[in-house]
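For reference, the chains in residue letters:
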Amino acid sequence: MHIGGSRTLTLRSWRLATPGRIRGPRRGAATAAVAVVACLLVGAGCSADEGKGVATTSTGLASSKPAPERPDGPAAELTPIEAAGGPFIGSAVGVDVPDGYRQTEYTASGEATGYEAPDPLPADGEWSFRPEGSAAYRTRVLVRRPEDPEAFSGTVVVEWLNVSAGLDANPEYASFEEEIVRRGDAWVGVSAQLIGVNGGPVLVPVPGVDAFTGKGLRSIDPVRYGTLDHPGDGYAFDIFTQVARAVRGVDVVGATVDQMIAAGESQSAIALTTYYNGVQPLTRTFDGFFIHSRAFAALPVVGPGEMADLAGSMAKVPHAVVLRGDLATPALELQSEADVTGVLRSIEARQSDSDTFRLWEVAGTAHADQHLLGPMADLLDCGSPVNSGPMHLVAKAGYAALKTWAAGGEAPPTAPRLATDEAGGATPTQRRNAAGVGEGGIRTPPVEVPVEVLSGAPGPNSSLICQLMGSTTPIPPEQLATMYTSAADYQRRFDAAVEATVDAGFLLAEDRAAMAAFASPERLG
């Protein structure tokens, strides 16, 4: 772990990058983005409204699936934000707009509907929500889309921005970015929850970012966001619906929208569990759902002005909930090793694959990792390095497979479940081999041909944030000598594992080189 002086430099750079502090003519993003947490990552930065250059490739999906009938309903009114500075967003991949892309930030306003929900929410996910009351809202929406409308693929991924660290962050964009850009997709980030807009309690405290967490957009940049107002998390589901309708129905992405995917990670995935089970049957807004690192429970439906207390809800819900099985809308659920047997206990919500559901559990992965944390990884003192595995590469394969499936094409491959052990009715634990590597699940090359143990198990520090980050532990040289005959033997086996992962459908062919970069033959001398 490298902290000390690097911490001061990193945080200074980050603070200089916040809205209202950008100086000079540069039209890109801030020079340093900081990412962190709960699914959770968090950082902040500003970027201007436009990218430059031309889009790379566009491979639109020709849909063989008839468009569903979508009930009429209100759409958000989207108004471009023209204040000086740039958007505030937590991002692990920086905040520069990709070449060939344009970024526009909007206010989204309207009258959102709340819902009356069963209490408790039934375990089978087959819930009946009823509209109940309404309230005015004014939130923020961030759009990135190809500069050239001809380069747009027709697919929009709408991300429920994550607020677990007390501010809006875009972990799904951080995982999908390369795939979004090379296909010509559009991305829409929605400030769906109360905390991101108005501020409030922080679920997962993050060291070094107290100046922003829990403050809300309105306080972080009053000039840019001072008119925003969120009526409470009970209205978040309809706000998400109304923004999606607006994006589909007006010229936000510059061309016709053929397909719309809802995506969210961690608390946002938990929110999408509630949306899929209770709201999607009423609105049929989305064509597919990417639910990434959910817990065993769903986000509670709360009253006006209230925040959805996720931690409190998880402590008192009587049972786990699965995704309902009677919808035609496909859903792909991606779970890390840490999610399955860690604090989120997603093993309790395991369900079988079906014509509309796939569950991918990935060995050797954590709820958040080096890729999602970015430079903030060096600021955490978890007692050992955080997980540095390739979960984001599997996420891109899952996203691509879901798009094909939602368009009426081939379903994603089925995946083996992680292997677990149960002892005396206690919470199941991850089964491990002699090297300490988790067994079962999707096995990426660094897990199948290891020189270090990538694990969902945390380091010695038991703080909540460290419980989510997993760990990376080198395998001792003397043990490596019993596993491989030489560096060449290791490299040959690693390369074969890369090809096997592509062939199995858990790695995109375009990401071969990115996966190959995880090889470390130098560890064998």
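Reference entry: report on the structure contained in this document. (Residues numbered from 1 in each chain as written. Predicted model: local features only at pLDDT ≥ 70, side-chain atom pairs only at ≥ 80, totals over all residues. Heavy atoms only, no water.)

1. Side note on the overall build of the chain
Here comes step 1: The number of helices and strands found in the chain is 16 helices and 13 strands.
Here comes step 2: Residue burial in the chain is summarised as follows: out of 525 residues, 58% are buried.
Here comes step 3: Restricting to contacts in the chain with at least 6 residues of sequence separation, those with at least 24 account for 79%.
Here comes step 4: Just so you have it, the chain exposes about 19,000 Å², and 52% of that area is on carbon and sulfur atoms. (Helix = DSSP H or I, 4+ residues; strand = E, 2+ residues; numbered from the N terminus. Buried < 20%, exposed > 50% of the residue type's maximum accessible area, 1.4 Å probe, protein only. Contact = heavy atoms within 4.5 Å. Areas by Shrake-Rupley, 256 points an atom, 1.4 Å probe, with all protein chains shown as cover.)

2. Some points on the sheet that holds strand E4 (residues 155–160)
What links the strands of a sheet is backbone hydrogen bonding, and the strands pair in either a parallel or an antiparallel sense.
Here comes step 1: Strand order in this open sheet of nine strands is E1-E2-E3-E5-E4-E6-E7-E8-E9, and the pairing throughout is mixed. The sheet is open, and its two borders are formed by strand E1 (77–80) and strand E9 (357–362), each paired with just one other strand. For this sheet the average axis-to-axis angle between neighbouring strands, irrespective of direction, equals 20°. (Pairing = 2+ DSSP bridges. Axes fitted to C-alpha atoms, helices over the stretch in contact; angles between N-to-C directions.)

3. Things to note about helix H7 (residues 267–283)
Here comes step 1: Approximately 45° is the largest bend angle found in H7, and it occurs at Tyr276.
Here comes step 2: Buried residues dominate H7, accounting for 15 of its 17 residues.
Here comes step 3: Positive backbone phi, approximately 50°, marks Arg284, located one or two places after H7. (Bend = angle between axes of the 7 residues up to and from the residue.)

4. Regarding the side chain of Gln103
Here comes step 1: In this structure, Gln103 sits in strand E2 (residues 101–116).
Here comes step 2: A relative accessible area of 0% means that Gln103 is categorised as buried.
Here comes step 3: Of note is the side chain of Gln103, whose polar atom sits 2.5 Å from the side chain of Arg144. (Polar contact = N/O pair within 3.5 Å; in protein donor to acceptor, adjacent residues only side chain to side chain.)

5. A few points about the packing of helix H6 (residues 236–249) against H7
Here comes step 1: One can describe the packing of H6 onto H7 by two numbers: an axis separation of 10 Å at closest approach and a directional angle of 65°. The handedness of the crossing between H6 and H7 is right-handed. Contacts between H6 and H7 involve Phe237, Phe240, Thr241 and Arg245 on the former and, on the latter, Ala271, Leu272, Thr274, Tyr275, Val279 and Thr283.
Here comes step 2: Taken together, the residues that form the contact of H6 with H7 break down as six nonpolar, three polar and one charged. (Left-handed = near helix turned anticlockwise from the far one by under 90°. Nonpolar A, V, L, I, M, F, W, Y, C, P; charged D, E, K, R; others polar.)

6. A short note on the pattern of salt bridges
Here comes step 1: Taken as a whole and assessed by the stated rule, the structure comprises 27 salt bridges.
Here comes step 2: Among the salt bridges present, the one from Asp287 reaches Arg70, with a minimum N-O distance of 2.8 Å. One end of the pair, Asp287, is in the loop between H7 and strand E7 (288–292); the other, Arg70, is in the loop between helix H1 (5–16) and E1, and 217 residues separate them in sequence.
Here comes step 3: Ionic pairing is found between Asp489 and Arg493, a salt bridge with its closest N-O pair at 3.4 Å. One end of the pair is Asp489 and the other is Arg493, both in helix H15 (residues 487–504) and four residues apart, which spans about a single turn.
Here comes step 4: Judged by its relative accessible area of 11%, Asp489 falls in the buried class. (Salt bridge = Lys/Arg side-chain N within 4 Å of Asp/Glu carboxyl O.)

7. Re unusual backbone geometry
Here comes step 1: Of the consecutive residues Asp119 and Pro120, the connecting peptide bond is found in the cis state with omega at 0°.
Here comes step 2: With respect to the helices, strands and loops of the structure, Pro120 is situated in the loop between E2 and strand E3 (130–146).
Here comes step 3: Backbone geometry places Ser266, a non-glycine residue, at a positive phi of 60°.
Here comes step 4: You will see that Arg345, though not glycine, has its phi angle at about 50°, which is positive.
Here comes step 5: Structurally, Arg345 can be placed in the loop between helix H9 (337–341) and E9.
Here comes step 6: By relative accessible area, Arg345 is classed as partly exposed at 28%.

8. Thoughts on the state of the cysteines
Here comes step 1: In the structure shown here, the tally under the stated rule is one disulfide.
Here comes step 2: Through a disulfide, Cys382 is tied to Cys466; the S-S separation comes to 2.1 Å. Here Cys382 and Cys466 share a disulfide; its torsion about the S-S bond, -85°, makes the bridge left-handed. Residue Cys382 is found in the loop between helix H10 (370–373) and helix H11 (391–406), and its partner Cys466 is found in helix H13 (residues 464–469); the two are separated by 84 residues along the sequence. Judged on exposure class, the residue Cys382 and its partner Cys466 are both buried. (Disulfide = S-S within 2.5 Å.)

9. Here we look at H15
Here comes step 1: If you check H15, its first and last C-alpha atoms are 26 Å apart, about what 18 residues at 1.5 Å a residue would give, namely 26 Å.
Here comes step 2: Buried residues of H15: Asp489, Tyr490, Phe494, Ala497, Val498, Thr501 and Val502, and no others.
Here comes step 3: Looking at the buried residues of H15, the elements they touch are helix H12 (445–448), helix H14 (477–483) and helix H16 (512–516).
Here comes step 4: Of the residues one or two after H15, Gly505 is the one with positive phi, at around 90°. (Expected span 1.5 Å × (residues − 1).)

10. Observations regarding the environment of Thr485
Here comes step 1: Relative to the helices and strands, Thr485 is located in the loop between H14 and H15.
Here comes step 2: Spatially, the C-alpha atom of Thr485 lies 8.9 Å from that of Leu524, the residues being 39 residues apart in sequence.

11. Description of the packing of helix H2 (residues 171–183) against H11
In helix packing, the relevant descriptors are the interaxial angle and the interaxial distance, both defined with respect to the helix axes.
Here comes step 1: Close contact between H2 and H11 brings their axes to 7 Å; oriented N to C, the two are set at 45°. Compared by their axis directions, H2 and H11 come out oblique. Of the two possible hands of crossing, H2 and H11 adopt the one that is right-handed. Within the contact between the two elements, H2 uses Ser175, Phe176, Glu178, Glu179, Ile180, Arg182 and Arg183 and H11 uses His392, Ala395, Lys396, Tyr399, Ala400 and Lys403.
Here comes step 2: In terms of residue class, the contact of H2 with H11 is made up of five nonpolar, two polar and six charged. (Parallel < 35°, antiparallel > 145°, perpendicular 65-115°, else oblique.)

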